[in-house]
Amino acid sequence: MNEEVLDNSKKESRPGINFIEQIIIEDIRQGKNGGKIVTRFPPEPNGYLHIGHAKAICLDFGLAEKYGGVCNLRFDDTNPEAEDVEYVESIKEDIHWLGFDWGDREYYASDYFDRLYEFAKDLIRRGLAYVDDQPAEVISEQRGSPTRPGIESPYRNRTVEENLDLFERMNRGEFEEGSRVLRAKIDMSSPNMHMRDPVIYRILKTPHHRTGTKWNVYPMYDFAHGQCDYFEGVTHSLCTLEFEVHRPLYDWFIDQLRTGEYRPRQIEFNRLNLTYTVMSKRKLLELVQGGYVSGWDDPRMPTLCGLRRRGYTPESIRKFIDLIGYTKFEAINDVSLLEHAVRDDLNLHAPRVFGVLNPLKVIITNYPGGVTEEVEVENNPEDPGMGTRKVPFCRELYIDREDFMETPPPKYYRLYPGNEVRLKGAYIIKCTGYRKNDHTGEIDEVYCTYDPETRSGGPSANRKVKTTIHWVSAPHAINAEIRLYDRLFTHEDPLGQKDRDFKEFLNPDSLKILKNCKLEPSLKNAKPLDKFQFQRVGYFCVDPDSTESYLIFNRTVQLKDTWSKLKQ
RNA sequence: UGACCCAUGGUGUAAUUGGUAACACGACGGAUUUUGGUUCCGCAGAGUCCUGGUUCGAGUCCAGGUGGGUCAACCA
């Protein structure tokens, strides 16, 4: 059985099994913990998940899946002041959206409050924990600093009886918040600050979203996390780098707790950082509360709900995470790699349509008025199985303003006086003139003639022109709003700038709204979150703000654009 | 006069665990193309932070530096 799992891993391994996977393989080989693999994803229900969490989710669930183990979902709800059920549902939704499932293993740290409480009393009885009556500031002062050892609390050597009595009374609600804490008795002069008699229980009178008012004391993260891992039989407890210094404490508690061979192991990996954005919950909250974005699901946010609304697919996010890997190096990943991952996915799956963002009227002067013909266009050249659709064509059309110039620069292949282009799926047209607005100088209309011999699919359609452009029939077009997004920040690393607030680097042009866009009529029935490639422009996704009669699209990402590069 | 962690092309990762630096993205050039997209082909780019050591052989091991990160919530 184990052989099979390992073999399996070898097959998929190619080069580059990450260091955590290597540890797991080795552990299975050695038959550690009975050869079982159990991981957990432990979000605190105090906010929305972002792509950094997705990195952890892919690791926790992915590794369990790959090595024949299981992954638990455990809500780390040890702080009633910050948490709320509201977040539980969104977290579950996001994990499912990414394509992972925890089966019936939905746990809560609060499920273990009784056992944790008993364990704390056990530590007291063994002389390994004590109640400290000093205020937070004093305890903090006594803890010393990284370069200066701490000093022991005057309450450190209370009797077991007194500690037990005090702790129980703390939990009965006899004392005010902040008046007493329970501390583990470890080593006030440890070089590791976390070992200097860490607080393990504090008094909190805010009702808990699951246990109500049952408890007046709540375990701290360090006292809950490893123990919960232990209770659940977790073998590999994967977390981010900043918990590295907590590991000795994690192990210390496990040492006091365990009775047999089994022990969970904490392994740390690097966080996901992306250029041009911020990833901390606190900072994201600041953006939401400050009104810099429209909410947690603003399409510019790195939250999973934001990315989803933007049009990112779960596959693209997983692909991206797979690409960046897991190491112990604090890397800043280029968003362009994320963008590459969506393009890659959407290119294969998104149906092509015609959408004109900045419409310019084109009149085909030799095409009869009042006539509409339908041309057939393939839905996706990458996948003929996606079929074709009919698009109406007539005398008056819209093209994108970018596709016409009065006086073209070198290498400009699009429409200009005297030049020919093909209208995708229809005819080759030649620009014969244009009309300019006398006041604004803007071009109002462009005049063209079409060559009836060149209809796509027709017998003599093979005449080559330098380029093909998209278009929509003016009388048939539907009006839509399109929201164009750019990076949220103007600096790659908005947080890394000394003495500057990250909000100073907010990009004022991160959202542009176009309200007069013209789309081909087949889009009429598009539903929220439907994704399309507006041919030659980019990938777009229907925003949930859309109504039956008013479609709103979000631009997920532009197509690669070698022309705009050429221009420079 | 702290502890712990990290350092490989522009970016992110890999290197059969000591065997002569590879992959992806990006850049550049070309071919194909009814998307200036896609695809295909090609090319450039690091000698692995520095110094020393061990070894026939070091990106991998050791020592010492340098640079960066984390740690002093009754947050997680």
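In what follows, the structure referred to is the one given above.
Computed from a predicted model, the values in this text were never measured in an experiment.

Peer 1: How would you explain helix H3 (residues 51–66) if you had to name every residue and give the values?
Peer 2: Because each turn of an α-helix spans 3.6 residues, side chains separated by three or four positions in sequence point in the same direction. For H3, with 16 residues, the first-to-last C-alpha span of 21 Å sits near the 22 Å given by 1.5 Å per residue. The element H3 is extensively covered by neighbouring structure, given that 14 of its 16 residues are classed as buried. Just beyond H3, the residue with positive phi is Gly 68, at close to 70 degrees.

Peer 1: With reference to specific residues and values, describe the protein's contact with RNA strand B.
Peer 2: Inspection of the region around RNA strand B gives 70 residues, with Gln 22, Glu 330, Arg 352, Ser 456 and Arg 536 positioned closest. In the interface set of RNA strand B, defined as its atoms within 4 Å of the protein, sugar plus phosphate atoms amount to 65%. Between RNA strand B and Trp 563, the relevant distance is 3.5 Å, taken from a sugar or linking oxygen to a main-chain nitrogen or oxygen of the residue. Where the surface near RNA strand B is concerned, the elements lending two or more residues are helix H6 (136–142), strand S6 (199–203), helix H13 (335–349) and helix H14 (562–567). At four residues, H14 tops the list of elements feeding residues into the surface near RNA strand B. Considered class by class, the residues forming the surface near RNA strand B number 25 nonpolar, 25 polar and 20 charged.

Peer 1: I'd like a description of the sheet that holds strand S21 (residues 478–485), backed by residues and values.
Peer 2: Taking strand neighbours across the sheet as the criterion, the seven strands line up as S10-S23-S24-S25-S21-S22-S11 in an open arrangement whose pairing is mixed. Strand pairing shows two members of the sheet lacking a second neighbour, strand S10 (352–353) and strand S11 (355–356), which therefore form its edges. Two strands pair when backbone bridges link them, and S21 and strand S25 (residues 551–558) are joined in this way by four bridges, in the parallel orientation. Bridge pairing in S25 links Glu 481 to Ile 552. Where H13 meets the sheet, its contacts fall on S10, strand S23 (531–534), strand S24 (538–542) and S25, and the angle it forms with S25 comes to roughly 115 degrees.

Peer 1: I'd like a description of the pattern of salt bridges, backed by residues and values.
Peer 2: Scanning the entire structure with this criterion turns up 54 salt bridges. Ionic pairing is found between Glu 268 and Lys 328, a salt bridge with its closest N-O pair at 4.0 Å. Taken together, the residues span a long stretch of sequence, with Glu 268 in strand S9 (residues 265–269) and Lys 328 in the loop between helix H12 (314–324) and H13 at a distance of 60 residues. Relative accessible area serves as the criterion here: at 42%, Lys 328 is assigned to the partly exposed category.

Cut-offs and rules
- Residues numbered from 1 in each chain as written.
- Chains lettered and ligands numbered in written order.
- Predicted model: local features only at pLDDT ≥ 70, side-chain atom pairs only at ≥ 80, totals over all residues.
- Heavy atoms only, no water.
- Helix = DSSP H or I, 4+ residues; strand = E, 2+ residues; numbered from the N terminus.
- Expected span 1.5 Å × (residues − 1).
- Buried < 20%, exposed > 50% of the residue type's maximum accessible area, 1.4 Å probe, protein only.
- Near = heavy atom within 4 Å.
- Polar contact = N/O pair within 3.5 Å; in protein donor to acceptor, adjacent residues only side chain to side chain.
- Nonpolar A, V, L, I, M, F, W, Y, C, P; charged D, E, K, R; others polar.
- Pairing = 2+ DSSP bridges.
- Contact = heavy atoms within 4.5 Å.
- Axes fitted to C-alpha atoms, helices over the stretch in contact; angles between N-to-C directions.
- Salt bridge = Lys/Arg side-chain N within 4 Å of Asp/Glu carboxyl O.

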